[in-house]
Amino acid sequence: MDRIRIVGRRPLQGTIRISGAKNATLPLMIASMLTDQTLILDNVPRLADVNLLQRILGNHGVDIMVSGKRPGETALDGQTLHISAANIVDTTAPYELVSKMRASFWVIAPLVARMGEARVSMPGGCAIGTRPVDLLILALERLGAQIEIDGGYVVARAPNGLKGGEISFPKVTVSGTHTALMAAALADGETLIENAAREPEIADVAECLNKMGARIVGAGTERIVVTGVPKLNGARHRVLPDRIETGTYAMAVAMTSGDVVLEGARPELLQAALDVLGEAGVGIAKTNEGIRVTKNGTGIAPVEITTQPFPGFPTDLQAQLMALMTRANGTSHITETIFENRFMHVQELVRLGAHIHLDGEKATIEGVEKLKGAPVMATDLRASVSLVIAALAAEGVTMVNRVYHLDRGFERLEDKLSGCGAAIERISG
Ligand code: UD1
């Protein structure tokens, strides 16, 4: 198993190119199953999760061709996928695959919408809480699908096609909103989605679906109206930049008192997080290339935040902010409202010398003057990268074990950081 070795206390300086968003790429790849024509996706990040979803879609008969490099292109550019679901050969998504990546459960929507049936394994527990699928099922039921739970599988049937309906989510859910959008795109008649998730990735998927011939209005707001069409076409779409990767590197720069341009980043995708960094004393400026993040040596001011659905402070940046606040000049408070048990990074940060007290969904972080390198263990995707951020400011050597979590969501993390002067290397095996 690969490990990452970091020697801390070097300021990050230079440019980091922001990749395409993982959380848009996955549903976009899944949406390709709504049409028998080719969907071309540009700016797709090279991530373990993307490779795994390629395998999962392959199991349903989807062909994916990765374009070769074009002249002038470098390894820094995202890849282009040509995805063709001309023939769906299997409407079952087995446990062995779905349990490896929760988002693959979302194939249930295009399968039942286009094929009239789907048999998809329930994803099972995962490291950050129970993460149920009841609201995805609710959305499909509102569109007329008959649902049965059978041997750990959700079986959805709509032999005569889905029908438009009203879906009012009792809780804001990204997965539920993606499912509702994909299913409603091919349903007969109009669907109203209320209390929809407003995450930029929802709007990006809706934009792509509209290019494919869908009729979706209001994506990115809490009220989405979808007028179903009988058939969708192929299209070409460029994945939007990854706001979580952007925020992560911004916090890494702040942590090391650095000066870095995050190339291709779009501030409006993470304004809440940038505002919090501003409060903490970090310089944030929009430039022609993206976002410039600067931090002088005057220390980090403590902050108080609560994670919220978009446009609030994202849960996917909670661990990284906590790492930054371990070195603040005072006490910070972070409340996690989206996922229970999303504090696995706390014990590992404590191993590096952080002072953190947990009380249910609230964490109190007392800033310390120094962190000290130690061996730590990556647990989930965002937790792992918080350890990297802490290690960049820690004295001496930190060894991050189990880095496969990082490879799921961060493209060439060690290259991007070492390109800006960090002493970071991957140790294979
Ligand atoms: C997506 C993101 C993830 C991010 C999360 C919240 C992807 C691939 N993943 O996850 O990175 O952390 O949004 O921004 O885009 N819930 C239910 N029942 C359901 C579905 C969800 O109770 O049927 C609950 C969840 O347990 C959680 C909350 O709703 O407490 C939000 O979950 P959701 O927005 O659906 O997150 P994901 O789409 O799984």
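How each quantity is defined
Residues numbered from 1 in each chain as written. Predicted model: local features only at pLDDT ≥ 70, side-chain atom pairs only at ≥ 80, totals over all residues. Heavy atoms only, no water. Salt bridge = Lys/Arg side-chain N within 4 Å of Asp/Glu carboxyl O. Helix = DSSP H or I, 4+ residues; strand = E, 2+ residues; numbered from the N terminus. Buried < 20%, exposed > 50% of the residue type's maximum accessible area, 1.4 Å probe, protein only. Pairing = 2+ DSSP bridges. Axes fitted to C-alpha atoms, helices over the stretch in contact; angles between N-to-C directions. Contact = heavy atoms within 4.5 Å. 1 Å grid on protein atoms, 1.4 Å probe; cavity = no way out; pocket = protein on both sides within 12 Å on 5 of 7 lines; lining within 4 Å. Points joined across faces, edges and corners; volume = space filled by probe spheres on them. Nonpolar A, V, L, I, M, F, W, Y, C, P; charged D, E, K, R; others polar. Core = buried A, V, L, I, M, F, W, Y, C linked by side-chain atoms within 4.5 Å.

Trainee: For this particular structure, what's the right way to read the pattern of salt bridges?
Mentor: Side-chain pairs of opposite charge can arise where the charged atoms are in close proximity. Following the criterion strictly, the structure yields 21 salt bridges and no others. Residue Arg 5 is joined to Glu 425 by a salt bridge in which the shortest nitrogen-to-oxygen separation is 3.6 Å. Pair noted here: Arg 5 is in strand S1 (residues 3–7) and Glu 425 is in strand S24 (residues 423–427), with a separation of 420 residues, a long-range link. On the basis of relative accessible area, Glu 425 is assigned to the partly exposed category, the value being 40%. The closest approach of N and O atoms between Asp 316 and Arg 382, which form a salt bridge, is 3.7 Å. Taken together, the positions of Asp 316 in the loop between strand S18 (304–306) and helix H10 (318–325) and Arg 382 in helix H12 (residues 381–393) put the pair 66 residues apart, joining distant regions of the chain. Looking at Asp 316, the relative accessible area reads 13%, which means it is buried. One continuous salt-bridge network, built from bridges that share partners, spans Asp 2, Asp 407, Glu 414 and Arg 426.

Trainee: Is there a simple way to think about the environment of Gly 58 in this case?
Mentor: Tracing the chain through its elements places Gly 58 in helix H2 (residues 48–59). The partly exposed category is assigned to Gly 58, whose relative accessible area is 35%.

Trainee: Please explain unusual backbone geometry as it appears in this structure.
Mentor: Most peptide bonds take the trans configuration, and most residues that are not glycine carry a negative phi. Backbone torsion omega between Phe 310 and Pro 311 reads 10 degrees, so that peptide bond is classified as cis. Among the structural elements, Pro 311 can be located in the loop between S18 and H10. Positive phi, close to 65 degrees, is recorded for Asn 43, a residue that is not glycine. Considering the arrangement of structural elements, one finds Asn 43 in strand S3 (residues 38–44). The buried category is assigned to Asn 43, whose relative accessible area is 6%. Here Arg 402, not a glycine, exhibits a phi torsion of approximately 60 degrees, which is positive. Position of Arg 402 relative to the elements: it lies in the loop between strand S23 (397–401) and helix H13 (404–409). Overall, Arg 402 belongs to the partly exposed group, its relative accessible area being 36%.

Trainee: Looking at this model, I keep getting lost on the sheet that holds S23. Mind explaining?
Mentor: Consider a sheet: its strands pair through backbone hydrogen bonds, and that pairing is either parallel or antiparallel. Pairing in this open sheet of four strands is mixed, and the strands run S22-S23-S1-S24 from one edge to the other. In this open sheet, the two strands that pair with only one neighbour each are strand S22 (375–377) and S24. Taking each pair of neighbouring strands and ignoring which way they run, the sheet shows an average axis angle of 20 degrees. Set on the sheet, H12 makes contact with S1, S22, S23 and S24; between it and S1 the angle comes to about 30 degrees.

Trainee: Would you explain the sheet that holds S3 in this entry?
Mentor: Overall, mixed pairing links the four strands, which are arranged S4-S5-S3-S14 in an open sheet. Two strands close off the open sheet at either side, each with one partner strand: strand S4 (63–66) and strand S14 (235–238). Each strand axis lies, on average, 20 degrees off the axis of its neighbour in the sheet, ignoring direction. As defined by bridge partners, S3 adjoins S14 across four bridges and the pair is classed as parallel.

Trainee: Explain empty space enclosed by the protein to me, please; I cannot follow it from the model alone.
Mentor: Any space left empty among the atoms is revealed by the rolling of a water-sized probe across them. The final tally for this structure, using the stated rule, is three cavities of 30 Å³ or more. Estimated volume of the largest cavity: approximately 50 Å³. Thr 315, Gln 318, Ala 319, Arg 342, His 345, Asp 380, Arg 382 and Ala 383 together form the lining of the largest cavity. Counted by class, the lining of the largest cavity contains two nonpolar, three polar and three charged residues.

Trainee: In this structure, what is going on with helix H1 (residues 22–31)? I would like to understand it.
Mentor: Helical geometry note: an α-helix holds 3.6 residues per turn, so side chains three or four residues apart project in the same direction. Of all ten residues in H1, nine are buried, a share of seventy percent or more. Three or more residues of H1 are buried, namely Lys 22, Ala 24, Thr 25, Leu 26, Pro 27, Leu 28, Met 29, Ile 30 and Ala 31.

Trainee: I would appreciate a short explanation of the nonpolar core in the present structure.
Mentor: The nonpolar side chains of soluble globular proteins are, as a tendency, buried together. Counting 80 residues, the largest nonpolar core has Phe 105, Leu 162, Leu 181, Leu 209 and Leu 232 as its most contacted members. Discounting residues that sit within four places of it in the chain, Leu 232 has contacts with Leu 34, Thr 35, Ala 185, Leu 186, Leu 209, Met 212, Gly 213 and Ala 214. Core analysis: the second largest hydrophobic core is formed by 69 residues, Tyr 249, Leu 270, Ala 374 and Ile 424 among them.

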